[in-house]
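Structure at a glance
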Amino acid sequence: KKNKNYHPLDRIIVQMEKPELLNPSGGLIEKILLRRHNQIADFEIVIPELLLKQEQRSKDIFNWVLLSIAFISLLVGGIGIMNIMLASVYERIKEIGIRLSMGAHQKDIIMQFLLEAIIISLTGGVIGVFLGITISFIITIVTDVQTIISWSSVIVSFVVSAGVGLIFGIIPAQKAAKQDPITSLRYE
């Protein structure tokens, strides 16, 4: 009796959740089809590698754009912190002069202003993390797109936030510490 296939297929499309599984799955599907076709390769398996490479390039470009936006945002935020701290130094020149004349060291003044800059930036970090988590949940509810919030990214955002406060608070803190106590006490 002849083995005849009464239901030939023109095409089977297999879709994978992860692109990195395509090549291994293609090999497995080929073995299964060879077994079903009595070791005769009367079929062709096509893996759209060009589309996968293009998808990866698009992801890479998107990541670089996001990284650039984040860097610019941090730079603008840092400059804002520096301006706030410089204004704070000029508003508190008498206080700085009193502290220096009472025996405070320059490092004490620097630490005070650096701590203030870090607190300002961490406050912004807390607000940013809260907004990010809230918007993530809203996106999940509205669009049914699963968003992932990792605790490591939350911790990194706090560290980066504190770092921005530290870096952009150095210049105002040094400016405050270098004030002459006598000139500062006469400042009106």
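It should be emphasised that the depicted structure is a prediction, and the values quoted were computed from it without experimental measurement.

We now examine the environment of Leu21. If you trace the backbone, Leu21 turns up in the segment before helix H1 (22-36). For the pair Leu21 and Trp64, spaced 43 residues apart in sequence, the C-alpha to C-alpha distance is 25 Å.

Right, let's get into the nonpolar core. Counting 16 residues, the largest nonpolar core has Ile81, Met85, Val89, Ile96, Ile109, Phe113 and Ala176 as the members making the most contacts within it. At the level of secondary structure, the elements contributing two or more residues to this core comprise helix H2 (49-91), helix H3 (93-101), helix H4 (106-143) and helix H5 (151-177). A per-element tally of this core places H5 first, with 5 residues. In contact with Ile109, not counting residues within four places along its chain, are Ile96, Arg99, Leu100, Ala104, Ala176 and Ala177.

All right, on to the packing of H4 against H5 then. Between H4 and H5, whose axes approach to 7 Å, the crossing angle comes to 145°. Where H4 crosses over H5, the two elements pack in a sense that is right-handed. Of the residues contributing to the contact of H4 with H5, the split by class is 17 nonpolar, 8 polar and no charged.

A contiguous nonpolar surface patch, about 570 Å² in accessible area, is contributed by Ile127, Phe130, Leu131, Ile135, Ile139 and Val145. By the element assignment, Ile139 lies in helix H4.

This part takes up the confidence of the model for the protein chain. Looking at the protein chain as a whole, the pLDDT averages 85, with 94% of positions reaching at least 70. For the protein chain, the element scoring lowest by mean pLDDT is helix H6 (residues 181-186), at 77; H4 scores highest, at 91.

Not every positive phi belongs to a glycine, and Gln39 is a case in point at roughly 60°. Among the secondary structure elements, Gln39 is positioned in the loop between H1 and H2. Take Gln39: its relative accessible area is 58%, and that puts it in the exposed class. A positive phi angle, close to 60°, is found at Asp144, a residue other than glycine. The topology assignment puts Asp144 in the loop between H4 and H5.

Within the element layout of this structure, Ser161 appears in helix H5. Sequence-distant contacts of Ser161, defined by excluding residues within four places in its chain, comprise Ser121, Leu122 and Gly125.

Next up on the list: H5. Spanning 27 residues, H5 covers 37 Å between terminal C-alpha atoms, matching the ideal 39 Å at 1.5 Å per step. Along H5, the sharpest kink reaches roughly 40°, centred on Gly169 and followed within four residues by the proline Pro172. Val154, Ser161, Val164, Gly165, Phe168, Gly169, Pro172, Ala173, Ala176 and Ala177 are the residues of H5 that are buried.

Rules used in this analysis
Residues numbered from 1 in each chain as written. Predicted model: local features only at pLDDT ≥ 70, side-chain atom pairs only at ≥ 80, totals over all residues. Heavy atoms only, no water. Helix = DSSP H or I, 4+ residues; strand = E, 2+ residues; numbered from the N terminus. Core = buried A, V, L, I, M, F, W, Y, C linked by side-chain atoms within 4.5 Å. Buried < 20%, exposed > 50% of the residue type's maximum accessible area, 1.4 Å probe, protein only. Contact = heavy atoms within 4.5 Å. Axes fitted to C-alpha atoms, helices over the stretch in contact; angles between N-to-C directions. Left-handed = near helix turned anticlockwise from the far one by under 90°. Nonpolar A, V, L, I, M, F, W, Y, C, P; charged D, E, K, R; others polar. Patch = residues over 30% accessible without salt bridge, like charges linked within 9 Å, V, L, I, M, F, W, Y side chains within 5 Å. Areas by Shrake-Rupley, 256 points an atom, 1.4 Å probe, with all protein chains shown as cover. Salt bridge = Lys/Arg side-chain N within 4 Å of Asp/Glu carboxyl O. pLDDT = per-residue confidence, 0-100. Expected span 1.5 Å × (residues − 1). Bend = angle between axes of the 7 residues up to and from the residue.

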